[in-house]
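Observations on the model geometry
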Amino acid sequence: MNALEPPPGIVRWTRQLEGTEALDQPVAALEPLVEKVFGTGARGSLLRGDWLGHAVHPLLTDVVLGTWTSASILDLAGGRDSTVAAQRLVGAGLLAVGPTAWTGWAEWSEAGTREKRVGLVHAVTNAVAIGIYAASWSARRRGRHARGAGLALAGAAVSGVGGYLGGHLAAARKVGSHHPAFDDAAQSAPSSATS
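How each quantity is defined
- Residues numbered from 1 in each chain as written.
- Predicted model: local features only at pLDDT ≥ 70, side-chain atom pairs only at ≥ 80, totals over all residues.
- Heavy atoms only, no water.
- Core = buried A, V, L, I, M, F, W, Y, C linked by side-chain atoms within 4.5 Å.
- Buried < 20%, exposed > 50% of the residue type's maximum accessible area, 1.4 Å probe, protein only.
- Helix = DSSP H or I, 4+ residues; strand = E, 2+ residues; numbered from the N terminus.
- Contact = heavy atoms within 4.5 Å.
- 1 Å grid on protein atoms, 1.4 Å probe; cavity = no way out; pocket = protein on both sides within 12 Å on 5 of 7 lines; lining within 4 Å.
- Points joined across faces, edges and corners; volume = space filled by probe spheres on them.
- Nonpolar A, V, L, I, M, F, W, Y, C, P; charged D, E, K, R; others polar.
- Phe/Tyr/Trp six-rings, centres within 6.5 Å; stacked < 30°, edge-to-face > 60°.
- Lys NZ or Arg CZ within 6 Å of the ring centre and 35° of its normal.
- Axes fitted to C-alpha atoms, helices over the stretch in contact; angles between N-to-C directions.
- Parallel < 35°, antiparallel > 145°, perpendicular 65-115°, else oblique.
- Left-handed = near helix turned anticlockwise from the far one by under 90°.

One broad trend across soluble globular proteins is that nonpolar side chains are buried collectively. Among the nonpolar cores identified, the biggest contains 14 residues, and L17 and F38 are the most heavily contacted of them. Only α2 (24-39), α5 (83-108), α6 (113-141) and α7 (145-172) provide two or more residues apiece to this core. What F38 contacts, discounting residues up to four positions off in sequence, is R43, G44, L47, R48, W102, W105 and A106. Counting nine residues, the second largest nonpolar core, distinct from the first, contains A71, A86, Y133 and A152.

Any empty space left between atoms is shown by rolling a water-sized probe over those atoms. Volume-wise, the largest pocket comes out at about 830 Å³. Lining the largest pocket are 38 residues, with H57, T61, G104, H122 and G166 sitting closest to its centre. Broken down by secondary-structure element, the contributors of at least two residues to the lining of the largest pocket are α4 (57-77), α5, α6 and α7. It is α6 that contributes the most residues to the lining of the largest pocket, 10 residues altogether. Taken as a whole, the second largest pocket encloses approximately 190 Å³ of empty space. If you trace the second largest pocket, you find it lined by M1, N2, A3, E5, P6, P7, P8 and V11. Here the lining of the second largest pocket is composed, by residue class, of six nonpolar, one polar and one charged.

This part takes up the packing of aromatic side chains. Enumeration over the complete set of coordinates arrives at two aromatic pairs. Taking 3.8 Å as the distance between ring centres and 15° as the angle between the ring planes, the aromatic pair formed by W68 and Y133 counts as stacked. Remark: Y133 occurs in helix α6 and W68 occurs in helix α4; sequence separation between them is 65 residues. Like W68, the residue Y133 is buried in the burial classification. Residues W105 and W108 carry aromatic rings whose centres are separated by 5.1 Å and whose planes lie at 85° to one another, so their mutual orientation is edge-to-face. In this pair, W105 and W108 both sit in helix α5, three residues apart, roughly one turn of the helix. Summarising the burial analysis for this pair, W105 and W108 share the class buried. Taking the ring centre of W108 as reference, the NZ or CZ of K116 above it sits at 5.2 Å.

Put simply, α6 and α7 touch, their axes get as near as 8 Å, and they point 165° apart. The pairing of α6 with α7 is recorded here as roughly antiparallel in orientation. For α6 against α7, the interelement crossing comes out left-handed. Split into classes, the residues belonging to the contact of α6 with α7 amount to 17 nonpolar, 13 polar and three charged.

Let's shift gears to the packing of α2 against α6. The N-to-C vectors of α2 and α6 enclose an angle of 90°; their axes lie 10 Å apart at closest approach. The orientation of α2 relative to α6 falls into the category roughly perpendicular. When α2 is examined against α6, the residues D24, P26, V27, L30 and E31 are found in contact with a partner set consisting of T113, K116, R117 and L120. For the contact of α2 with α6, the per-class residue count stands at four nonpolar, one polar and four charged.

So far we have only geometry, and geometry alone does not tell us how the molecule works.
Written out as structure tokens, the structure reads:
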């Protein structure tokens, strides 16, 4: 990446999203509830991953996205024998979305203004994806596997947008709790050499 070249369209769009002041009103409306339920005290500390030394949210997103991606792989390449397994994988992802969202809200409660704007869109996008995956699971349960597989692919497209925004928050904006020991760049790693 060259700082002299104009940024790609998606980067420009994300920067515009960060500056969208129209999101401040819904953010302000959500903040008290999110902070109370997910962001304070022992519960907030647990959900942010203070006990682990870094955020729990990225770990849990791997469970959700991993099960859903695996279901689509089975849909596309597994044949008829994999329909039950694919439905179970979609269901497992749906079961994991609650704790995953809770940890995300805990991180969001401590984020800055621009990050909260992006985080809100991230959450709404993920909510849409969850709805699509719930419809996929329901279609599969009623024996409409092809419809469920198609819905899962649509859900993957939507969750891809949510994933991009979440990746932006974690990687570009460094949203996520971590132990202060990780901030000390001067601290050298323990040496394995002996004198």
